[in-house]
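# A structural walkthrough
Chain by chain, the residues:
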Amino acid sequence: MPRLSEVIAALDALWPPERAEGWDAVGTVCGDPDAEVDRVLFAVDPVHAIADEALRLGAQLIVTHHPLYLRGTTTVAADTFKGKVVHTLIKHGIALHVAHTNADTADPGVSDALAGALDLRVTGPLVPDPTDPHGRRGLGRICELDHPETLADFAARAAARLPATAQGVRLAGDPEALVRTVAVSGGSGDSLFDAVRACGADAFLTADLRHHPASEAVQQAPLGLVDAAHWATEWPWCEQAAAQLDALSDRHGWDLRVHVSKQVTDPWTTHHSSGAPN
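Residues numbered from 1 in each chain as written. Predicted model: local features only at pLDDT ≥ 70, side-chain atom pairs only at ≥ 80, totals over all residues. Heavy atoms only, no water.

## As for helix H2 (residues 48-57)
- Looking only at H2, the buried set comprises Ile50, Ala51, Glu53 and Ala54. Along the axis of H2, the buried positions cluster into a sector of 160°, meaning they face one direction only.
- Contact partners of the buried residues in H2: strand E2 (39-43), strand E3 (61-64) and helix H3 (81-91).
- Two residues or fewer past H2, glycine 58 is found with a positive phi of approximately 80°. (Buried < 20%, exposed > 50% of the residue type's maximum accessible area, 1.4 Å probe, protein only. Helix = DSSP H or I, 4+ residues; strand = E, 2+ residues; numbered from the N terminus. Arc of directions from axis to C-beta. Contact = heavy atoms within 4.5 Å.)

Spelled out as structure tokens, the structure:
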């Protein structure tokens, strides 16, 4: 079995921590570098339900997309929910490793996985990484549909292909407008509207769209917006990342058993459609 340090080195080669945003908190949160690893669990959120799942599986390593401590802390006391996660992991010899914005811009990255879930053909990054001489890394992706379809049909495709959540998928724009080119960005994407308009996309699939940016976007251009749950747009990365680690395991002869959590850790649990305005 490989040591944790060997597996982490392989993960850092996939998603180099130096490519994370300066405000981000990526890398190994806890874990003994010399501990042996034979089972790994991928998930979006480092919440206690995922720690419990790793314990049931007998996993020695959890890899999540979201950081546990993004804004720092002064305590890991077990009477805080994050501290309880840390105590559970350390007590049972489970390491936690995070790949966040360094996985967003990777090649392949989070948005490649989102595009793949919808069978979209990626043509390039939405916001290219200027340090990539090949022009493949960057934030978001520009994609083409094999055949044009209406915005309503494209939103229905997203709703059918992404994991089910209470929010579902919201649509803004003309449902009958034809969609040929799509910009996608896993996670919160309303800071990318300038790049979306610049690339000439007919629609933009992302998450966490706020009222004012979304309203301004559809007023400025005939752009269709497809807003899915944050967790749902990033979960496909877990499957992509697990496949990448599987390939590395085969290459190194590690025989790792790699799992993807199917627990819905999106915080929203129920949706009620509101009544029509009076």
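## What to know about the pattern of salt bridges
- Per the counting criterion, the structure on display carries 11 salt bridges.
- The closest approach of N and O atoms between arginine 137 and aspartate 129, which form a salt bridge, is 3.3 Å.
- On the basis of relative accessible area, aspartate 129 is assigned to the buried category, the value being 16%.
- The closest approach of N and O atoms between arginine 157 and glutamate 149, which form a salt bridge, is 3.0 Å. Across this residue pair, the class does not change: arginine 157 and glutamate 149 are buried.
- Salt bridges sharing partners connect three or more residues here, namely Asp129, Asp132 and Arg137. (Salt bridge = Lys/Arg side-chain N within 4 Å of Asp/Glu carboxyl O.)

## Considering the packing of aromatic side chains
- By the definition in use, this model includes four aromatic pairs.
- Where tryptophan 231 meets tryptophan 235, the ring centres are 6.5 Å apart and the plane angle is 40°; that geometry is what we call tilted. Taken together, the positions of tryptophan 231 and tryptophan 235, both in helix H9 (residues 230-252) and four residues apart, correspond to about one turn of that helix. By the burial criterion, tryptophan 231 is buried, and tryptophan 235 matches it. (Phe/Tyr/Trp six-rings, centres within 6.5 Å; stacked < 30°, edge-to-face > 60°.)

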